[in-house]
Amino acid sequence: MSLLKRVLPHPWLSLSMLIGWQLLMNQVSAGSLIMGAILACLIPWMTNVFWPNPPRACRVDRLFLFVCRVLIDIVVANLQVAKLILGPRRELRPAFVLFPLTLEHEFSISVLASTISLTPGTVSADISADRKTLLIHGLDVGDEQALIEHIRRRYEQPLKEVFECSKR
Amino acid sequence: MSESSWVEWVIAALLLIGSLFALIGSIGLVKLPDFFMRLHGPTKATTLGVGALVVGSMLYFSQKSGEPSLHELLITLFLFLTAPVSAHMLAKAAMHEKLRREPRTRGEPWDQ
């Protein structure tokens, strides 16, 4: 266990690097597999100091669902923003919204912030020093409370299930 | 219609859709009134634009070489990783500089 932990401190990161290298080479061959395996061992090991508190995904199946949902939402968000841009600009209702976070882990907070930036008409602008509030800028916000509820239900809750289901 | 020609139609459609969304994103940059609203153009409308172009490229090279070409997926992946981060840094810098905001913007950014 401890030896495995020392060789592969972040197994998921290693796996995604191995797959990423095959994609970069655009083919699967013995050479690219060996090179990929070397990189997948070396890079996580070298960058280990930057991950003092690595995330633990306990529900990987939920993560997959979450990614699919976000991909669909990105397409929808793009269509919405395109409509807003082409529509009359007087009707836009820009607003800064404060989103009270219930997530606690840095990694899940940054995933949530990125998701907010990629999806419906919102960009996450800043996080408070105590990491409890996220400042969001919306392009066209009708109702702040509804936006906060939407983000909480659709993105924060699933992320919580994936990354913070148990405190170990 | 032969088999290769309908693939070409699909590729052409994807390229057109992609360019259209990239164009809309750029129109947003010109048209929207303040910096914070302009941030929305490049983070969103452009994502789908690049996405459609990338799928078109995957189809074209897969069909041309006869084996799947997937390394374009990495472009999308890196775009999804970097677009929110750059938007976040731009927004932070804008708030620090206290750039002019559209007067009807509700809510306040906080002081840096």
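Here the structure is a predicted model, which means the values were calculated and not measured.

Reading guide: rules and limits
Residues numbered from 1 in each chain as written. Chains lettered and ligands numbered in written order. Predicted model: local features only at pLDDT ≥ 70, side-chain atom pairs only at ≥ 80, totals over all residues. Helix = DSSP H or I, 4+ residues; strand = E, 2+ residues; numbered from the N terminus. Expected span 1.5 Å × (residues − 1). Bend = angle between axes of the 7 residues up to and from the residue. Buried ≥ 20, exposed ≤ 12 C-beta atoms within 10 Å, placed from the backbone. Contact = placed C-beta atoms within 7 Å. UniProt positions renumbered as here; feature names shortened; annotations may be inferred. Pairing = 2+ DSSP bridges.

Comments concerning helix α6 (residues 144-163) of chain A
Residues and elements named next belong to chain A.
Moving on, step 1. If you check α6, its first and last C-alpha atoms are 27 Å apart, about what 20 residues at 1.5 Å a residue would give, namely 28 Å.
Moving on, step 2. Remark: the principal bend of α6, roughly 40°, maps to Arg152.
Moving on, step 3. Restricting attention to buried positions, one finds in α6 the residues Leu147, Ile151, Tyr155, Glu156, Leu159, Val162 and Phe163.
Moving on, step 4. Where α6 is buried, its residues contact α4 (60-86), β1 (95-100), α5 (106-118) and β3 (133-138).

A short note on the UniProt feature "transmembrane region" (unreviewed entry) in chain B
Residue and element names in this part refer to chain B.
Moving on, step 1. As recorded in UniProt, the feature "transmembrane region" (unreviewed entry) lies at residues 6-30, 42-61 and 73-91.
Moving on, step 2. Here residues 6-30 is 100% helix and 0% strand, with 36 Å between the C-alpha atoms at its ends.
Moving on, step 3. Helix makes up 100% of residues 73-91 and strand 0%. Its end C-alpha atoms lie 28 Å apart.

Some details on the pairing of strand β2 (residues 122-127) of chain A
Residue and element names in this part refer to chain A.
Moving on, step 1. Counting buried positions along β2 yields five of six residues, so the element is predominantly enclosed.
Moving on, step 2. In this sheet, β3 lies alongside β2 in antiparallel orientation, the contact comprising five bridges. When the bridges of β3 are listed, Ile127 appears paired with Leu134.
Moving on, step 3. Count of turn residues in the β2/β3 antiparallel hairpin: five residues, of which Arg131 carries a positive phi of about 60°.

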